Amino acid sequence: MGHTSLDKIIALQRNPANIRNLCILAHVDHGKTTLADCLVASNGIISSRLAGKLRYLDSREDEQIRGITMKSSAISLHYALGETEYLLNLIDSPGHVDFSSEVSTAVRLCDGAIVIVDAVEGVCPQTQAVLRQAWLENIRPVLVINKMDRLIVELKLTSQEAYTHLQKILEQVNAVTGTLFTSKVLEERAEKEKEEKEEKEKREEKESEALGGDQVYDWSAGLEETDDSHLYFSPDQGNVVFASAIDGWGFSIQQFAHIYSQRMGIRAEVLLKTLWGDFYLNAKAKKIMKGAQVRGKKPLFVQLVLDNIWSLYDAVVTRRDKEKVEKMVTSLGVKVMARDLRHSDPKVLLSAICSQWLPVSQAVLSMVCEKLPSPLDMAAERVEKLMSVGARRFDSLPEQTQELKRAFLQCSSGENAPVIVFVSKMFAVDTKALPQNKQRPLTQEEIAQRRELARQRHADRMATNQQAESHESHAQSGSTSQAAQPAGDNITAQMESLAVKEPKPEEEEERKETFIAFARVYSGVVRRGQKVFVLGPKYDPAQGLSMLSEDCSASDSLPAVPHLSCCSMESLYLLMGRELEELKEVPSGNVLGIGGLEECVLKSATISTSPACPPFTPLNFEATPIVRVAIEPKHPSEMPKLVRGMRLLNQADPCAEVLIQETGEHVLVTAGEVHLQRCLDDLRDRFANIEISASKPIIPFRETVVRPPKVDMVNEDLGKQQKVAIIHQVKEEASQGRLSDTLHLDPSGLVTLTTPNRLATVGVRAIALPQEVTRLLEGSSELVRTLEQVNMSLREGRRLEVSPRTLEAIAGLKAQLESLLQGRKWRNAVESIWAFGPRRYGPNILLNSVEGYQRPSVWQCLVRGEKAGEAGGQAAALRDFDNSIVSGFQLAALSGPMCEEPLMGVCFSVERWDIQSSSQPQHQDSPEGDPASREASVDGKATAEGTSEIPARPEGVTAGPSQARRRAEAGSVDCYGPVSGQLIAAMKEACRHAFQAQPQRLMAAMYTCEIMATAEVLGRVYGVLGKREGRVLHEEMKEGTDMFIIKAVLPVAESFGFADEIRKRTSGLASPQLVFSHWEVISSDPYWVPTTEEEYLHFGEKADSANQALKYMNAVRRRKGLYVEEKIVEHAEKQRTLSKNK
Ligand SMILES: Nc1nc2c(ncn2[C@@H]2O[C@H](COP(=O)(O)OP(=O)(O)OP(=O)(O)O)[C@@H](O)[C@H]2O)c(=O)[nH]1
Ligand SMILES: [Mg+2]
């Protein structure tokens, strides 16, 4: 436990004003864990000599081997700043993108963050991502610029150059926060304005609309008013520390201001303001003056701060000047041990000096205590954000729920304060490592007792041996008994030890891993054994309150409320890195571990004693799980173990997904290759304990249609010929009997299909959506999902309180779609969107182009109030079976005809939809029946009679509609099943055929990666990228270094082993991180066959060598067990000559 006793920490936990919950965030390898080591060493938990080498918080073996952190882990530290004592709950987080979900779980529990930036690499992609996450969760950051030693030793900058370099880094970081801040201010302002507007509208109901529309929105106003200086990082604000974690030093301006104010007699406040910036010391005038740059003078920071450090490095590391070192040591007043002075590695001496002169832990911890907020300072805004789920407005929550906000803000540990806890992840620990199962150290007496026992046993054994020997010598019997005796003794000894190690019962073995919840108390005091409510993400406090009394407790017997369960917190732990300490109770404001929740909490949860508490907003995950593999046990009989193991893995990892596909495969979805590897290791060694085999990564694709291309594969202009070719192809299929008599395709691409009972016909056309629209829909899937929820509740007659911000976002989406879908083809398209799909929020559109069918628009929630209800009720009623059309579309969009992958960027426009209502004779007979169905029947008749070209009904045309109907009527119910089902199938088929009538393409998932490499290895990096079909977007030189930054995109399908290959080819100098970025159409047509002379010449007869899309498509089809149109030719040449000879 280091210097600080458990009792002391327990005492500190009671004083929230002196608690700081903070996490360390940065890009991968910028030194988070190394810095954490230094902080941990300051508490005596590890030796300060090992700080930076041990990486104490990387407790997993693979973390140590790979040298990257893979999970967030917490440790509680004690720090005394002057008289005041602080408790710091520190969480180290991983920087690798694959584990960014672990960052989200850490950030949620904190009030502040230390953001680390590498002094050489500067702001990297993950730095931006973590700053954004800190913003999203409203937590305050402080900055540590780490690896300062690299500026001196590696880059060999002078102190003046280093100063300029550091200034640039600060600018970069502030630029990132600046953009975040600006967008936030604008958003807030827009919201405020909107609220004002709404109020005004309420007041003057009638004129309001005209007024509101004209308001000019002055965006700059908000920015000028708001003071944002405290948001930026600046050394003079005291929120920046310069450090070298590996050498154990770090400082803030304050420290030097303090030193020099004593030495030079300048007031500390003056130094604080001038030590960073364009100031210099005028020695003659004994004044600090502005304008160092213009006059060519050394800025104060260089003269008073950096120069000292530079000369120390120079003396110790570069020149190894013993005398000078000794002089410096005495002038700094530090004590260095003789063995450090003599050590062959100068770094040892250096860190011995630096860690006394400018200990990094002191600089960082005092900054943290001074600048980061305590749990008491939680902003009201953050509380509201945590408590209002999704689109719900905070003030639409029940009153009791709103009152809980006070409990939050007070962070009270009083007896009556409701308990509110958030669990951000579940992590597994070895059951044997739990404190209650651990062997406690023996006391002196016990040791003596045991020693005595052992001595006695030894003596006994000696005695029996002697006896045996003497016995044997007396009996003179052969060697058998001699051998038998000790052997027998051995056996008994073994038996003894076996008895001790008695094979554990099955159950115990099963519970080898125990799950502990990583949590924070926001209000109240949690006690061991306390009963609490566990609130699922969909729990609705209004519903809960209506079913339960407000002050019921979780230990009562209660009626079943949806998404609410009761659980008891069996044990509470203090998280101490690799160790856990048992606690009896934990007051508000602390981070803790809770045992005994594994049955009720899957990954995260909200826990409370009050049923009025709402579930917290879900965590923001930045990474999308994209790499999937199918997993099998090596021995099929071990399937149950695998299933259990995968369940445990799912619980233990915030981001991994485990699912069983329709094909029956057990599939694991992870964020990237490194993450995948870790999950497989965990599954093999911890959760399932069996040999497993994983398939090659399953690469996702999307299917889409495009506009007909203008040039062919050899870049020749295409005329109408291509279009004709496609149609020709489909016709051919038809003549081969693939098209049934109910299906008709017209040359423009319209597919009409009639249900088997001949009662309903749908006509569908597939149109390629413009790329920007697809991208927009893809990006707003959350919003579309919310929109769908709102529509659903409107349809059911409920009203959902939607926050103005959400409404505004929906209106924005609509406006954007309108501006993107221009032209004759898309006239009125946005208004007549029927649905999005697949799963109702995907990037495909179903369009209602049926003449005479007015249905409520998907945007109906934008028309406010009762107006919508009335207007919708009259003119736009839903036809019967409206839902079947939507379902058919959803199914079609979920798996396309190319290789059963989801569709993307396709618009299905329904141009015909005829139903003959004879399937419901009661409607037909009563003319005053339901208006909707009457309309449908009229409409149906009209088309059936008016058009003789309905080809899908060959006999029907001659027999006339009435006859056809009668015949169908006879058969419809008993032989074809319910109409809705038939319609779904017909719609799905129609969509698939319509899709096939257009030029089809595959879309590949793309990664972006930023690679930092030196000029020497640049060529090799390009080589690897080229081989893997990567495309370089841009390349620039990083200022002040000899590094190049290359930004490239790379298909996911080609990415496996990419990072490793780059690392190998560049001898570890460049290591890229892959982040999923977008979907991209593969330009080659998988169905392409050469048609012109040139194409034959270029690609040969079969033309499958160059067709990457075909390869991908066939691979997917083969994996799914679908038919692959492919000839396997063993002796190609021979067959060819044969055919030629014929
Ligand atoms: N030169 C130098 N190297 C450092 C410094 N701090 C850390 N390193 C090295 O940088 C590497 C990465 O350090 P870590 O502490 O593991 O980095 P991290 O940010 O925890 O990395 P992840 O957790 O994987 O994101 C290690 O090899 C450290 O020795 C420093 O101040 N100077
Ligand atoms: Mg780390």
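Residues numbered from 1 in each chain as written. Chains lettered and ligands numbered in written order. Predicted model: local features only at pLDDT ≥ 70, side-chain atom pairs only at ≥ 80, totals over all residues. Heavy atoms only, no water.

**Observations concerning the overall build of the protein**
Link 1 in the chain: Scanning the protein from N- to C-terminus turns up 41 helices and 34 strands.
Link 2 in the chain: Across the 1142 residues of the protein, 49% fall into the buried class.
Link 3 in the chain: Sequence separation of at least 24 residues holds for 75% of the intrachain contacts in the protein that already meet a minimum separation of 6.
Link 4 in the chain: Split by element, the accessible area of the protein, about 56,800 Å² in all, is 51% carbon and sulfur. (Helix = DSSP H or I, 4+ residues; strand = E, 2+ residues; numbered from the N terminus. Buried < 20%, exposed > 50% of the residue type's maximum accessible area, 1.4 Å probe, protein only. Contact = heavy atoms within 4.5 Å. Areas by Shrake-Rupley, 256 points an atom, 1.4 Å probe, with all protein chains shown as cover.)

**Here we look at the confidence of the model for the protein**
Link 1 in the chain: Model confidence for the protein is summarised by a mean pLDDT of 79, while 78% of its residues fall at 70 or above.
Link 2 in the chain: A low-confidence stretch, residues 476–508 stays under pLDDT 50, and its non-local contacts, those more than four residues away or across chains, total 6 contacts.
Link 3 in the chain: Per-residue pLDDT stays below 50 along residues 734–738; that stretch engages in 2 contacts with residues further than four places along the chain or on separate chains. (pLDDT = per-residue confidence, 0-100.)

**Describing the pattern of salt bridges**
Link 1 in the chain: Under the definition given, this model contains 43 salt bridges.
Link 2 in the chain: In this structure, Arg520 and Asp111 form a salt bridge, with 3.0 Å as the shortest nitrogen-oxygen distance. Here the residue Arg520 occupies a position in strand S11 (residues 513–523), and Asp111 occupies one in the loop between helix H4 (100–108) and strand S4 (112–118), the gap between them amounting to 409 residues. There is no split in this pair, since Arg520 and Asp111 are both buried.
Link 3 in the chain: Between Arg455 and Glu452 there is a salt bridge, and its shortest N-O distance comes to 3.3 Å. Of this pair, Arg455 and Glu452 both sit in helix H20 (residues 444–475), 3 residues apart, which is roughly one turn of that helix.
Link 4 in the chain: On the accessibility criterion, Glu452 (42% relative accessible area) is partly exposed.
Link 5 in the chain: One network of salt bridges, in which partners are shared, links Arg60, Asp62, Asp653, Arg678 and Asp682. (Salt bridge = Lys/Arg side-chain N within 4 Å of Asp/Glu carboxyl O.)

**As for the sheet that holds strand S20 (residues 627–633)**
Link 1 in the chain: A sheet is described by the order of its strands in space; here 4 strands give the open sequence S21-S22-S20-S23, paired in antiparallel fashion. The open sheet is flanked by strand S21 (657–660) and strand S23 (692–694), the only strands paired with a single partner. Neighbour-to-neighbour, the strand axes of the sheet open up by a mean angle of 30 degrees, direction not taken into account.
Link 2 in the chain: Examined bridge by bridge, S21 and strand S22 (residues 666–670) share 4 bridges and lie antiparallel to one another. Bridged to Glu657 within S22 is Val669.
Link 3 in the chain: Helix H24 (residues 639–652) contacts S20, S21, S22 and S23 of the sheet and is inclined by roughly 25 degrees relative to S22.
Link 4 in the chain: Packing against the sheet, helix H25 (residues 673–687) makes contact with S20, S22 and S23, and its axis sits at approximately 135 degrees to S22. (Pairing = 2+ DSSP bridges. Axes fitted to C-alpha atoms, helices over the stretch in contact; angles between N-to-C directions.)

**Describing the site of ligand 1**
Link 1 in the chain: Taken together, the neighbourhood of ligand 1 is formed by 19 residues, with Lys32, Thr33, Thr34, Thr69 and Asp149 sitting nearest.
Link 2 in the chain: A distance of 3.1 Å is found between an oxygen atom of ligand 1 and a backbone nitrogen or oxygen belonging to Asp29.
Link 3 in the chain: Separating an oxygen atom of ligand 1 from a side-chain N or O atom of Lys32 is a distance of 2.8 Å.
Link 4 in the chain: Taken by itself ligand 1 offers 640 Å² of open surface, and the protein chains cover 85% of this.
Link 5 in the chain: Counting only elements with at least two residues in the shell around ligand 1, the list comes to helix H2 (32–41) and helix H6 (148–153).
Link 6 in the chain: Examining the composition of the shell around ligand 1, we find that 3 residues originate from one element, H2, more than from any other.
Link 7 in the chain: Broken down by class, the residue content of the shell around ligand 1 amounts to 4 nonpolar, 9 polar and 6 charged. (Near = heavy atom within 4 Å. Polar contact = N/O pair within 3.5 Å; in protein donor to acceptor, adjacent residues only side chain to side chain. Nonpolar A, V, L, I, M, F, W, Y, C, P; charged D, E, K, R; others polar.)

**Re the coordination of the magnesium ion (ligand 2)**
Link 1 in the chain: Taken together, the protein ligands of the magnesium ion (ligand 2) are Thr33 (OG1) and Thr69 (OG1), with distances of 1.9 Å. With a gap of 36 residues between them, Thr33 in helix H2 and Thr69 in the loop between helix H3 (61–66) and strand S2 (73–81) connect regions that are remote in the sequence. As far as the burial class goes, Thr33 and Thr69 line up, both buried. (Donors = N, O, S within 2.8 Å, 3.2 Å for Na, K, Ca; no water.)

**Points about the packing of helix H37 (residues 1018–1027) against helix H38 (residues 1058–1065)**
Link 1 in the chain: Where H37 meets H38, the closest approach of the two axes is 9 Å, and the angle between their N-to-C directions is 150 degrees. When the axes of H37 and H38 are compared, the pair comes out roughly antiparallel. In the crossing of H37 with H38, the sense of the turn from one axis to the other is right-handed. Contact residues: Arg1020, Val1021, Val1024, Leu1025 and Lys1027 in H37; Phe1058, Glu1061, Ile1062 and Arg1065 in H38. (Parallel < 35°, antiparallel > 145°, perpendicular 65-115°, else oblique. Left-handed = near helix turned anticlockwise from the far one by under 90°.)

**Things to note about the nonpolar core**
Link 1 in the chain: Ranked by size, the top nonpolar core spans 104 residues in total, and within it Ile114, Leu597 and Leu668 carry the most contacts.
Link 2 in the chain: If one sorts the elements of this core by residue count, helix H17 (residues 360–371) sits on top with 7 residues.
Link 3 in the chain: When residues no more than four places from it in sequence are discounted, the contact partners of Leu668 are Val627, Arg628, Val629, Ile631, Met646, Leu649, Ala656, Glu657, Val658, Leu676, Cys679 and Leu680.
Link 4 in the chain: Core analysis: the second largest hydrophobic core is formed by 60 residues, Leu275, Ala315, Val336 and Leu349 among them. (Core = buried A, V, L, I, M, F, W, Y, C linked by side-chain atoms within 4.5 Å.)

**Quick look at the packing of aromatic side chains**
Geometrically, a pair of aromatic rings is defined through the distance of the ring centres and the angle of the planes.
Link 1 in the chain: Scanning the model with the defined rule gives 24 aromatic pairs in all.
Link 2 in the chain: Measuring from ring centre to ring centre gives 4.9 Å for Trp276 and Phe301, while their planes differ by 80 degrees; the resulting arrangement is edge-to-face. Highlighted residues: Trp276 in the loop between helix H11 (268–274) and strand S8 (279–282) and Phe301 in helix H13 (residues 300–318), separated in sequence by 25 residues. Each of the two residues, Trp276 as well as Phe301, counts as buried.
Link 3 in the chain: Taken together, a centroid distance of 5.7 Å and an interplanar angle of 65 degrees make the contact between Tyr853 and Trp913 edge-to-face. Note that Tyr853 is positioned in the loop between strand S29 (844–848) and helix H30 (865–875) and Trp913 in strand S30 (residues 906–915), a separation of 60 residues in sequence.
Link 4 in the chain: Given a relative accessible area of 0%, Trp913 falls into the buried group.
Link 5 in the chain: Put simply, the rings of Tyr163, Phe242, Trp249, Phe251, Phe256, Tyr260, Trp276, Phe301, Tyr313 and Trp357 pair up and form one aromatic cluster. (Phe/Tyr/Trp six-rings, centres within 6.5 Å; stacked < 30°, edge-to-face > 60°.)

**Quick notes on helix H19 (residues 399–410)**
Link 1 in the chain: If you check H19, its first and last C-alpha atoms are 18 Å apart, about what 12 residues at 1.5 Å a residue would give, namely 16 Å.
Link 2 in the chain: Burial in H19 covers these residues: Thr401, Leu404, Lys405, Ala407 and Phe408. Relative to the axis of H19, the buried residues are bounded by an arc of 165 degrees and lie together on one face. Away from its buried face, by an angle of more than 90 degrees, H19 presents the exposed residues Glu399 and Arg406.
Link 3 in the chain: Within two residues after H19, Cys411 carries a phi angle of roughly 55 degrees, on the positive side. (Expected span 1.5 Å × (residues − 1). Arc of directions from axis to C-beta.)

**Some thoughts on the sheet that holds S29**
Link 1 in the chain: Read from one edge of the open sheet, 6 strands run S25-S26-S27-S30-S29-S28, paired in mixed fashion. Of all the strands in the sheet, just strand S25 (743–745) and strand S28 (833–837) have a single pairing partner and so form its edges. Adjacent strand axes in the sheet meet at a mean angle of 20 degrees when their direction is disregarded.
Link 2 in the chain: Inspection of the sheet shows strand S27 (residues 760–768) paired to S30 by 9 bridges, in the antiparallel sense. Bridge assignment links Ala768 to a residue of S30, and that residue is Val906.
Link 3 in the chain: Helix H31 (residues 882–894) rests against S27, S28, S29 and S30 of the sheet, and its axis sits at about 35 degrees to S28.

**A few points about the side chain of Thr69**
Link 1 in the chain: In this structure Thr69 comes out as buried when scored by relative accessible area, which is 8%.
Link 2 in the chain: A distance of 2.9 Å separates the side chain of Thr69 from the side chain of Thr33, its partner in a polar contact.
Link 3 in the chain: Polar side-chain contacts of Thr69 include one of 2.9 Å to the side chain of Asp58.
Link 4 in the chain: Aside from chain neighbours lying at most four places away, what touches Thr69 is Thr33, Asp58, Glu63, Asp92, Ser93, Pro94 and Phe99.

**Let's talk about the packing of helix H27 (residues 771–779) against helix H29 (residues 804–820)**
Link 1 in the chain: Closest axis-to-axis distance for the H27/H29 pair is 9 Å, and the angle between their directions is 165 degrees. Viewed along their axes, H27 and H29 adopt a mutual orientation that is roughly antiparallel. Seen along the crossing, H27 lies across H29 with a hand that is left-handed. Facing H27, whose interface residues are Glu772, Val773, Leu776 and Leu777, H29 presents Leu813, Gln816, Leu817 and Leu820.

**Some thoughts on the environment of Glu831**
Link 1 in the chain: As for its position among the elements, Glu831 is in the loop between H29 and S28.
Link 2 in the chain: Residues Glu831 and Lys814, spaced 17 residues apart in sequence, show a C-alpha to C-alpha distance of 8.8 Å.
Link 3 in the chain: Among residues more than four places away in sequence, those in contact with Glu831 are Lys814, Ser857 and Trp859.

**Here's the deal with the environment of Arg686**
Link 1 in the chain: Mapped onto the elements of the fold, Arg686 is located in helix H25.
Link 2 in the chain: On the accessibility criterion, Arg686 (23% relative accessible area) is partly exposed.
Link 3 in the chain: The spatial distance from the C-alpha of Arg686 to the C-alpha of Asp430 is 8.8 Å, given a sequence separation of 256 residues.
Link 4 in the chain: When residues no more than four places from it in sequence are discounted, the contact partners of Arg686 are Arg60, Ala428, Val429, Glu513 and Asp681.

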